[in-house]
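Analysis of the macromolecular model
The residues making up each chain are set out below.
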Amino acid sequence: MMKKMSIPTSKTSLVLFLCQIISALEVPLDSKLLEELSQPPTITQQSPKDYIVDPRENIVIQCEAKGKPPPSFSWTRNGTHFDIDKDAQVTMKPNSGTLVINIMNGGKAEAYEGVYQCTARNERGAAISNNIVIRPSRSPLWTKEKLEPNHVREGDSLVLHCRPPVGLPPPIIFWMDNAFQRLPQSERVSQGLNGDLYFSNVQPEDTREDYICYARFNHTQTIQQKQPISVKVFSMDSLNDTIAANLSDTDIYGAKPVTERQPVLLTPTGSTSTKVELRGNVLLLECIAAGLPTPVIRWIKEGGELPANRTFFENFKKTLKIIDVSEADSGNYKCTARNTLGSVHHVISVTVKAAPYWITAPRNLVLSPGEDGTLICRANGNPKPSISWLANGVPIAIAPEDPSRKVDGDTIIFSHVQERSSAVYQCNASNEYGYLLANAFVNVLAEPPRILTPANKLYQVIADSPALLDCAYFGSPKPEIEWFKGVKGSILRGNEYVFHDNGTLEIPVAQKNSAGTYTCVARNELGKIQNEVHLEIKDPTMIIKQPEYKVIQRYGQASFECIIKHDSTLLPTVTWLKDNDELPDDERFLVGKDNLTIMNVTDKDDGTYTCIVNTTLDSVSASAVLTVVAAPPTPAIIYARPNPPFDLELTGQLERSVELSWIPGDENNSPITNFVIEYEDALHEPGVWHYQTEVPGTQTTVQLKLSPYVNYSFRVIAVNKIGRSQPSEPSEQYLTKSASPDENPANVQGIGSEPDNLVITWEPLKGFQSNGPGLQYKVSWRQKDVDDEWTSVIVANVSKYIVSGTPTFVPYEVKVQALNDLGYAPEPSEVIGHSGEDLPMVAPGNVQVHVINSTLAKVHWDPVPLKTVRGHLQGYKVYYWKVQSLSRRSRRHVEKKILTFRGNKTFGMLPGLEPYSSYKLNVRVVNGKGEGPASPDKVFKTPEGVPSSPSFLKITNPTLDSLTLEWGSPTHPNGVLTSYTLKFQPINNTHELGPLVEIRIPANESSLILKNLNYSTRYKFYFNAQTSVGSGSQITEEAVTIMDEAGILHPAVGAGKAMASRQVDIATQGWFIGLMCAVALLILILLIVCFIRRNKGGKYPVKEKEDAHADPEIQPMKEDDGTFGEYSDAEDHKPLKKGSRTPSDRTVKKEDSDDSLVDYGEGVNGQFNEDGSFIGQYSGKKEKEPAEGNESSEAPSPVNAMNSFV
């Protein structure tokens, strides 16, 4: 016998093992063993401690227990024995301790109020239940009272008292009107925790005569109504009119106007109060104030923070709710009511007490004789609970003595126990707020060894595989296990064996020589037992000829081999698969003993074919691929869809089946692959054909399953590779008999449409599914996870039923059963639905914003508790908007943006922000009903970014060596501007860029004069703005300095710099100067000739022609300076013709940049006139640029003459 030690040391494994055996009594692993082992009683089910019953129904007080032998039951009522045999209304269920008190047959529930306790007893001890307090629910009527109308001045406060009758349990209070509509509530009007209706200030619209308080008693499903209360609100105007009508003109009258008032607390009264709540309960604190404007309530905890994730604000923040309170929630809670005139506060001192709760509950103890053990019972509470022990339901102080037992406070120590020490001990931990009672038994068992594995059990394994030989055992004390091989073999030891704690012997690699008889021996101090098992080693199964890869022509034959070798004592089964699935149901596939043959292969036979060989001990497989290729060309054959089948015949008519046969039509050179059978229900859907089944093309008869109460007709359609035939002629009709429904509606759902209802929907059965006349539905529901009975209603053949008065968003079990005049369908399966959703109660907390860059931020928040979502959580919405730009300090119209994050996400990204701006955001939780309250607005700012380009860049006042630049600040500075950067460079005739010059300009400048530039030169300018972050995008512009001072044009002319630049640049080229000199010399010669001829007198034909057809746009040379006349019209404002300067927008048309002498004409060829004048050269030219030194009366040079056209 092993040395006796305490349970936590050497006997731990034994106790754990025995505990497993005892607990396993619930699962009968060995029925014979379970019949022989003894066990003290254990309470398995009992009614709640505070049991409120419906006085209209029978009272059922539960008490169930297990034990060996089965326990007997007895009851006490109010501390004394309850003799159920003397009360005809009370019965006890067979093989149970559950009491049934018959109230529905004349009994009164009030007569059975009291404290009940159940005792379950057998020869090993007695277990007791909690004290079960039975109280019938009460829903008394309202006491009659005469209610006077309430006359209230506008702006005053008002309290409408409900004072409901005292019920059990307390009723739920709500206010409604005569139309059974809930009265709207707000920050101004709300219901208090006591049920009274509080008005912080009354308004004229509060006048009505139907303020009705309702009390709902859920336990009895009754609602009691108070007499309507009338409220009349007098406005100042109506009050003044009333006073004026009753006073003389000399009287001083007039009511004061509605005056604003600072807050005053309506409840609670005074400045302080106290509140005691129990640990784990919900703490509700309330502050309701009067005042005008309506006060706003705020809550704080003095010296601490309100607990996150457990704090909720209800009733427009007038009620503070903290769930699952603990001792740490004790303290002073301060509510403050504030409006524009002042504030008032109230401090509630909260103390959290605690009913007893377990730290270590006592556990069942199973010991062998002579062993030691302990029962520990530790509980906590506020105040600290007292611990008391009972033995078999009797206080341990007066219980029979047990020398092996010693009580030490919350611990019982057992030393050297004997079988008589078996008992059930009760630990009671109690304080003024409640008690805990736990049963724990000490079961002392002395059992000789038993081997549970059947004798001579045969184990078979494949060679080189592990072998596991079982030796399940039981005994107390725990037996020692030894294994032997053979009749006279020695004990097995060594690395080639593994010995498991449950007695199993493992041979990791079983060889042929491992076969034989093995003996398991179990012994303890009470005895010894042995058992033999046998091990056989089998040869492994092998595929000695595997299937091989095949390439077969279409319509050829394919064959795969699979030859195996196996142990002669094992029976193998061979299975063929195609692409890891069963072979097609096709007679072309022939499975032989060791092969697979496919006749007349088609393209769809392509794939991988696998041979699987199974025995009872092992499995092997091998695969090969079949590839089908096209057959050699053959003469063209005309293929067509088959002809329809004919001669349909019904035979073997039964209630639920019939046999249909037919004759196939012509295949039309394409084999029929299958037949499709359709049916018509002339009773429910005449003229509509439905799919019934299909069969292979080689089959011409089929057994059809039928439904009751259907008038069947059938037709057959043949199918080949080309397509489907026309349907056959219908068969004769066959009407089946009626029966109860075979199935129930599908797609049953329970989804609430309102917070207090549950809408049950389903897909109704089709006509033929009804199986008979009188189709109806039995709709049943009950709240999930609540010990409720099913509520059922039978409805007509509809698809929806609405359950009203449900709690908000709770799970329901729902089922819908079909029935007709002949009976019910089978019991339907249950589905889980939910009553209607309501808006979420709380806002997400701990909203944090992390600004990533000037246009992107990341927002985090804590998820709201799922209980407060009151619906299916769909996600969170982030509202964010720009408050102002930090650079402009100007507010604008707020445009809120919304981002939705699906699911239970707790963060999101905010893109597209404007740099250097102030933003606000809040977060709201979203369910199927809508959005919850918003979190407090969170302010965040974006950092500076790079600015946009300057709003404009204008270049004005061109001179020989300077240009004036004007610009506008960026439309979006995106920060504080630090400077501007101007870069410019000249552009030559070939559009090549010269050296780049950069100038930094202070941010407060808006113009700049560039000096020391080259005359008659085009420049390109690049201009941008900078912040501390960097440079923004640039704006570009081009401009040209003029050639000389006389070339400056008035802005009204609109001369374009682009054309000017092109012509001025050409004029500086050598080849162009030479050409112009030659032209000028030719003109000079012509002028001289004309002058000589004019001096000679007389007219010439050309001159006469000019006089007769004078062009008004061609002017003669001025006589005062000898220069050519300028182009002009009658008003001198006609637009410039081709060759003029470009418009002021500095754009140049392509045709304006082509250099040719013809371009200077007016549509003529520009030839010389008979008098030698070059008319085409000067027509349409308006601008005149005199040469330097124009004071001279000399004629201009040819170069200057050409420049006058520029």
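A short tour of the structure in this document, coming up.

Scoring rules and cut-offs
Residues numbered from 1 in each chain as written. Predicted model: local features only at pLDDT ≥ 70, side-chain atom pairs only at ≥ 80, totals over all residues. Heavy atoms only, no water. Helix = DSSP H or I, 4+ residues; strand = E, 2+ residues; numbered from the N terminus. Contact = heavy atoms within 4.5 Å. Core = buried A, V, L, I, M, F, W, Y, C linked by side-chain atoms within 4.5 Å. Buried < 20%, exposed > 50% of the residue type's maximum accessible area, 1.4 Å probe, protein only. Phe/Tyr/Trp six-rings, centres within 6.5 Å; stacked < 30°, edge-to-face > 60°. Lys NZ or Arg CZ within 6 Å of the ring centre and 35° of its normal. Pairing = 2+ DSSP bridges. Axes fitted to C-alpha atoms, helices over the stretch in contact; angles between N-to-C directions.

Digging into the side chain of threonine 541
- For threonine 541, the position within the fold is in the loop between β46 (527–538) and β47 (542–545).
- Those residues in contact with threonine 541 that lie beyond four places of it in its chain are Lys565, His566, Val613, Thr615, Asp618 and Val620.

Concerning unusual backbone geometry
- For the bond from lysine 68 to proline 69, the omega torsion is 0 degrees, close enough to zero to count as cis.
- The residue proline 69 is located in the loop between β4 (63–68) and β5 (72–77) in this model.
- Put simply, serine 476 and proline 477 share a cis peptide bond, and its omega is 5 degrees.
- With respect to the element layout, proline 477 can be found in the loop between β41 (473–476) and β42 (480–485).

Some thoughts on the nonpolar core
- Counting residues in each nonpolar core, the largest one holds 29 residues, and the members touching the most others are Ile59, Ile61, Trp75, Ile101 and Tyr116.
- For this core, the secondary structure elements donating two or more residues are β3 (59–61), β4, β5, β8 (99–101), β9 (114–122) and β11 (132–136).
- The dominant element in this core, judged by the number of residues it contributes, is β9, at three residues.
- If we skip the residues at most four places from it in the chain, isoleucine 59 touches Val53, Leu99, Val100, Ile101, Ile103, Ala109, Tyr112 and Ile134.
- With 20 residues, the next largest nonpolar core counts Leu648, Leu660, Val710 and Phe768 among its residues.

Topic: the environment of asparagine 131
- Inspection of the secondary structure assignment puts asparagine 131 in the loop between β10 (125–128) and β11.
- A relative accessible area of 32% places asparagine 131 in the partly exposed class.
- In this view, asparagine 131 contacts Lys49, Val115, Tyr116, Gln117 and Tyr435; residues no more than four positions away in its chain are not counted.

Concerning the packing of aromatic side chains
- Under the counting rule described, the total for this entry stands at 21 aromatic pairs.
- With centroids separated by 4.7 Å and ring planes inclined at 45 degrees, the aromatic side chains of tryptophan 967 and phenylalanine 1023 adopt a geometry described as tilted. One end of the pair, tryptophan 967, is in strand β80 (residues 963–970); the other, phenylalanine 1023, is in strand β84 (residues 1018–1026), and 56 residues separate them in sequence.
- Take phenylalanine 1023: its relative accessible area is 0%, and that puts it in the buried class.
- An aromatic cluster is built from Phe174, Phe180 and Tyr214, whose rings are joined through pairwise contacts.
- Directly above the aromatic system of tryptophan 881 lies the positively charged group of lysine 896, at a separation of 4.4 Å from the ring centroid.

A word on the environment of isoleucine 128
- In this fold, isoleucine 128 is placed in strand β10.
- Taking C-alpha positions, isoleucine 128 is 6.1 Å from glycine 393, a pair spaced 265 residues apart along the chain.
- Those residues in contact with isoleucine 128, other than ones at most four positions away along the chain, are Ile43, Gln117, Cys118, Thr119, Gly393, Gln426, Leu437 and Asn439.

Overview of the sheet that holds strand β15 (residues 189–191)
- Overall, antiparallel pairing links the three strands, which are arranged β13-β16-β15 in an open sheet. Pairing within the sheet leaves two strands with one partner each, and these edge strands are β13 (158–160) and β15. In this sheet, adjacent strand axes meet at a mean angle of 15 degrees when their direction is disregarded.
- In the sheet, β13 pairs with strand β16 (residues 197–199) via three bridges, with the strands oriented antiparallel. Opposite valine 159, over in β16, you have tyrosine 198 as the bridge partner.

Observations concerning the pairing of β9
- Burial of β9 is extensive: seven of the nine residues sit out of reach of the surface.
- With six bridges joining them, β5 and β9 adopt antiparallel strand pairing. Paired with threonine 76 across the strands is glutamine 117, a residue of β9.
- Summarising the sheet, β9 and β11 pair through three bridges and their orientation is antiparallel. From the neighbouring strand, glycine 114 faces β11, where its bridge partner is isoleucine 134.
- Bridge count between β9 and β10: four bridges; the pairing is antiparallel. Bridge pairing links alanine 120 to alanine 127 in β10.
- Connecting β9 to the next strand, β10, in antiparallel fashion are two residues.

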